[in-house]
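# Structural overview
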Amino acid sequence: MCATRSIFTTRQLRADGLTHRDITAALDTGRLERIRIGMYASPDACRAARAVAAHGGSMACVTAARHHGLWTLDDEDEPHVWLKTGQRAHHESACGCVEHWDRDRRRTASGPLPLPQVLRQILGCRGPEQFFVAVESALRQGRLSSDELRWLRRNTNARGREALHLARTDADSGLESLLRWRLRRFGLRVRTQVAVFGVGVVDALIGDRLIVELDGRANHDGATMRHKDLVRDANAASWGYTTLRFDYALVIHDWDLVETAILGAFASAGPGAAASA
Ligand SMILES: [Zn+2]
Ligand SMILES: [Zn+2]
Ligand SMILES: [Zn+2]
């Protein structure tokens with residue numbers, strides 16, 4: 001992922017005061033690279049940005065969301081490209097891109113697509129779950145105005161509105177959003193970032209007795225962290241709580257196991273849990 005301004009048209013470079021000679025010199029020294037006629041990239045432009053520029057389009061959907069700084073599920077490389085109606089796309093052979101052709105919602109003729117449009121593209125292209133995760137990520141960062149949320153409600157389907165209705169502003173990670181989205185059909189009471197007496201703030205409390213900790217990719221490695229986690233789980237157990245821990249790989253790649261574990265532990269976590277179901 002790269003800076004927002006890593007791709008330039010000839011016109012933009014000229015507007016920034018570069019002469020044709022400056023551009024040629026920048027190309028010679030590698031400060032700029034020609035992507036195609038009239039389109040240039042600075043060295044920090046990432047693969048997705050280059051691929052989108054080579055298509056002659058703009059970043060769309062999950063590719064755009066990542067560049068907006070939102071949490072997205074897939075790290076996969078194929079770029080999602082938005083193309084203007086009537087435009088001709090320039091595909092490479094065996095191009096793995098995903099095209100988006102929805103209406104231009106930008107207020108100006110150029111620049112990135114607005115976030116609400118990007119979110120709606122995700123709903124259509126990747127489904128309500130990824131939409132939900134991206135929306136919660138945007139809300140958490142304070143990036144959606146009430147007008148934009150209203151626009152989304154009006155311009156999405158029933159699944160989209162369900163996601164918008166469930167979305168909150170305080171999701172601490174994409175894993176937390178996923179957990180709440182995927183458990184919603186069981187009618188469990190799932191509270192996130194709850195202070196539990198004798199334990200501290202836990203990622204999720206299901207019912208009254210089941211703690212779920214979601215360990216992100218980086219921050220739970222090493223012997224010291226492991227020891228801390230064990231102490232924490234022992235404390236929780238002494239207060240009558242059951243703790244389940246899941247990492248990124250389990251939640252993303254083995255959800256069935258996660259779900260079975262949660263439902264099994266919930267069923268046996270005792271009357272406290274059952275009472276609040
Ligand atoms: Zn980038
Ligand atoms: Zn897409
Ligand atoms: Zn393509």
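Further up the page is the structure itself.
The text that follows walks through the structure, step by step, so that each part is easy to find. Counting starts from 1 at the beginning of each chain's written sequence and moves along it residue by residue. Working convention: letters from A go to chains and numbers from 1 go to ligands, in the order in which they are written. Confidence filtering applies because this is a predicted model: local features only for residues at pLDDT of at least 70, side-chain atom pairs given and counted only at 80 or more, and all residues used for totals across whole chains, interfaces and linings. Computation of side-chain values: all heavy atoms of the structure, hydrogens and water removed.

### Here's the deal with the overall build of the protein chain
Looking only at helices and strands, the protein chain has 13 helices and 10 strands in total. Once the C-alpha set of the protein chain is aligned to its principal axes, its extents read approximately 75 × 45 × 35 Å. Taking all 277 residues of the protein chain together, the buried fraction comes to 44%. Note on contacts: a residue pair is in contact if any heavy atoms of the two residues lie within 4.5 Å. Intrachain contacts of the protein chain at a sequence separation of at least 6 include 55% that bridge at least 24 residues. Computed with the Shrake-Rupley method and a 1.4 Å probe, the accessible areas treat only the protein chains shown as cover for residues. By element, 52% of the accessible surface of the protein chain is carried by carbon and sulfur atoms, the whole surface being about 14,400 Å². Helical segments are the DSSP runs of H or I of at least four residues, strand segments are the runs of E of at least two, and each set is numbered from the N terminus. Summary of the burial criterion: residues with accessible area below 20% of their type's maximum are buried, those above 50% are exposed, and those between are partly exposed, where the area comes from a 1.4 Å probe applied to protein chains only.

### Re the coordination of the zinc ion (ligand 2)
Here the coordinating atoms are restricted to nitrogen, oxygen and sulfur within 2.8 Å of the metal centre, or 3.2 Å for Na, K and Ca, and because water is not among them the sites may look incomplete. Coordination of the zinc ion (ligand 2) by the protein involves Cys61 (SG), His80 (ND1), His100 (NE2) and Cys125 (SG), with metal-donor separations of 2.1 to 2.3 Å. For the zinc ion (ligand 2), the single-chain donor residues occur in sequence as C-x18-H-x19-H-x24-C. In this pair, Cys61 is assigned in helix H4 (residues 61–67) and His100 in strand S6 (residues 98–100), connecting sequence segments 39 residues apart. When sorted by exposure, Cys61 lands in the same class as His100, which is buried.

### Observations regarding the environment of Thr72
Among the structural elements, Thr72 can be located in the loop between H4 and strand S5 (80–82). Distance from Thr72 to Asp229, taken between C-alpha atoms, is 27 Å for residues 157 residues apart in sequence. Beyond its immediate sequence surroundings of up to four residues, Thr72 is in contact with Val62, Ala65 and Arg66. Any pair of nitrogen or oxygen atoms within 3.5 Å is treated as a polar contact; in protein, a donor-acceptor pairing is required on top of that, and neighbouring residues in sequence qualify only through side-chain atoms on both sides. A polar contact of 3.4 Å, which involves the side chain of Thr72, links it to the side chain of Arg66.

### Concerning the sheet that holds S5
Taking strand neighbours across the sheet as the criterion, the three strands line up as S4-S5-S6 in an open arrangement whose pairing is mixed. The open sheet has two edge strands, strand S4 (58–59) and S6, and neither has a second partner. In this fold helix H5 (residues 115–126) packs onto S5 and S6, with an angle of close to 125° to the strand it touches most, S5. Note on pairing: DSSP must find at least two bridges between two strands before they are called paired. Lines fitted to C-alpha atoms define the axes here, with helix axes fitted over just the stretch in contact, and angles between the N-to-C directions of these axes take values from 0 to 180 degrees.

### Focus on the environment of Pro114
Within the secondary structure, Pro114 sits in the loop between S6 and H5. The class for Pro114 is partly exposed, based on a relative accessible area of 25%. Sequence separation between Pro114 and Phe197 is 83 residues; the distance between their C-alpha atoms is 43 Å. Those residues in contact with Pro114 that lie beyond four places of it in its chain are Arg105 and Arg106.

### Some points on the packing of aromatic side chains
For Phe, Tyr and Trp, rings pair up if their centres lie within 6.5 Å, where Trp contributes its six-membered ring, and each pair is then called stacked (planes under 30 degrees apart), edge-to-face (over 60) or tilted (otherwise). The final tally for this structure, using the stated rule, is three aromatic pairs. With a centroid separation of 4.8 Å and an interplanar angle of 85°, the aromatic rings of Phe197 and Trp239 are classed as edge-to-face. Taken together, the positions of Phe197 in the loop between strand S7 (190–196) and strand S8 (200–206) and Trp239 in the loop between helix H10 (223–238) and strand S10 (242–247) put the pair 42 residues apart, joining distant regions of the chain. Here Phe197 falls in the exposed class, since its relative accessible area comes to 62%. Two thresholds decide whether a charge sits over a ring: the Lys NZ or Arg CZ must be within 6 Å of the ring centre and within 35 degrees of the ring normal. The ring of Trp181 carries Arg184 above its face, with NZ or CZ at 3.6 Å from the centroid. Arg209 extends its terminal NZ or CZ atom over the ring of Tyr241, reaching a point 4.8 Å from the ring centre.

### Here we look at the side chain of Ser137
Secondary-structure assignment places Ser137 in helix H6 (residues 128–140). Setting aside its immediate chain neighbours within four residues, Ser137 contacts Leu70 and Trp71.

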